[in-house]
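Listed below, chain by chain, are the residues.
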Amino acid sequence: MLNKMFHDGIRGDMWVLLKNIYTNMTLQVKWGDQTTQHVNIQQGIRQGAKLSTLLYKRYNNTILNAITGSHLGTKIGTICVALPTCADDIPLLGEPQDIQAMLNIIEFHTKRDMVKINPEKSEVLCTYKGKNYQSKRYTLGEKQINRVDKLKHLGIRRNVKSKVNTDERLKTGRQTIYALLGSGLHARTGMCPLVLCKIWKTYVVPRYLYGLEVQICTKADIYTGWKNYRGKYLDNFFSLPERTASSALYILLGAEPVETILDRNMLSLFLTISRLDNAIEKKILQWELEIGKDFTESFINRIDKILNKYSLPNPKEILENPPSKYKWKNMLKKAINIYTGQISGKRNA
């Protein structure tokens, strides 16, 4: 790491300071009132230090640059998205022959840096459609990487069919509710129903919808089991029967339908990306705008439908001139209220 920092132009007193920080490092573990003896640390970066994330990214950047420069892996248009990295979590995306080539690049650089990667902690997920099943095996060094039918990346579980697992979502929501029962998430304690709904919206709904804004999912994926799930718990806040209409429940609690929450999450993500000038994510959205309606399931087309639904500016206008966070929050809130009022008026009519 210090060698790479030196070649990056960090020299003189700053380089000596970094060297002194990482020379003769020791570690102590505290458990209760007891503290262990000093343990010498021969490699790695300091845990929890402010510079640690930056230093690790610089150390890891050699591998990322090598794979990007090889032009291997998945591309969206001409934009390389072969390895969307988060900290030390590096997923490799591409065709079978590209994946093995990228693994060979990683093996070369880790050997040169005298670092070992444990293949048992890596997994391979091959997505396919229909009967196009890939039986290729992948190796890192001389060891074979375990192949799985599903894996979790950044809290989102992926499977070979690239479909949303509704049952697992509902299970996660139930586990969250059971964990909150001890803090009073039930009507028997006499807690105000509005407070119960606030706890529900703050802790339960985000866990159920986590990651859905970046996944291709249908209304059936979202609503399968959600209606009964919602009725079983939200109705209990007011001690109402499970056959209570959803619209009445939303009015009493001031809650939003799950579809509206998901729309809000997708638009929030879109606005965040639109403010990131020169970011790869924004370049991908601009590329999707250029290809127009060729891919109906693209993120930008789904955003376009949501913006039209609430009579908001089109994606191109927002990407070229993104509104401020405060302005967008008020604009979206007003648009959702108008849309909800129109839908309620049509139902009453």
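Residues numbered from 1 in each chain as written. Predicted model: local features only at pLDDT ≥ 70, side-chain atom pairs only at ≥ 80, totals over all residues. Heavy atoms only, no water.

K.L.:
So what exactly am I meant to see when it comes to the pairing of strand E12 (residues 156-159) here?
P.N.:
Residues in a regular strand project their side chains so that they alternate between the two faces of the sheet. Note: strand E11 (residues 150-153) against E12, 4 bridges, orientation antiparallel. Opposite Lys 150, over in E12, you have Asn 159 as the bridge partner. Hairpin connection between E11 and E12: a loop of 2 residues separates the two successive antiparallel strands, and Leu 154 in this loop has a positive phi of roughly 55°. (Pairing = 2+ DSSP bridges. Helix = DSSP H or I, 4+ residues; strand = E, 2+ residues; numbered from the N terminus.)

K.L.:
Looking at this structure, how should I read the nonpolar core?
P.N.:
Burial of nonpolar side chains together is a common tendency in soluble globular proteins. With 19 residues, the main nonpolar core has Leu 267, Phe 270, Leu 285, Ile 303, Leu 307, Leu 312 and Trp 328 as its most contacted residues. Contributions of two or more residues to this core are made by helix H10 (258-274), helix H12 (299-309), helix H13 (315-320) and helix H14 (325-348). Residues Val 205, Leu 209, Cys 217 and Leu 262 belong to the second largest nonpolar core, which totals 17 residues. (Core = buried A, V, L, I, M, F, W, Y, C linked by side-chain atoms within 4.5 Å. Buried < 20%, exposed > 50% of the residue type's maximum accessible area, 1.4 Å probe, protein only.)

K.L.:
Which parts of the structure should I look at to understand the pattern of salt bridges?
P.N.:
Side-chain pairing between opposite charges can occur once the charged atoms of the two side chains come close. Applying the stated criterion across every chain yields a total of 6 salt bridges. The partner of Lys 309 in a salt bridge is Glu 259, and the shortest N-O contact between them spans 3.0 Å. With Lys 309 in helix H12 and Glu 259 in helix H10, this residue pair connects regions lying 50 residues apart in the sequence. Asp 263 is the partner of Lys 309 in a salt bridge, and the nearest nitrogen-oxygen pair spans 2.9 Å. (Salt bridge = Lys/Arg side-chain N within 4 Å of Asp/Glu carboxyl O.)

Everything listed here is a matter of coordinates, which is why it stays silent on function.
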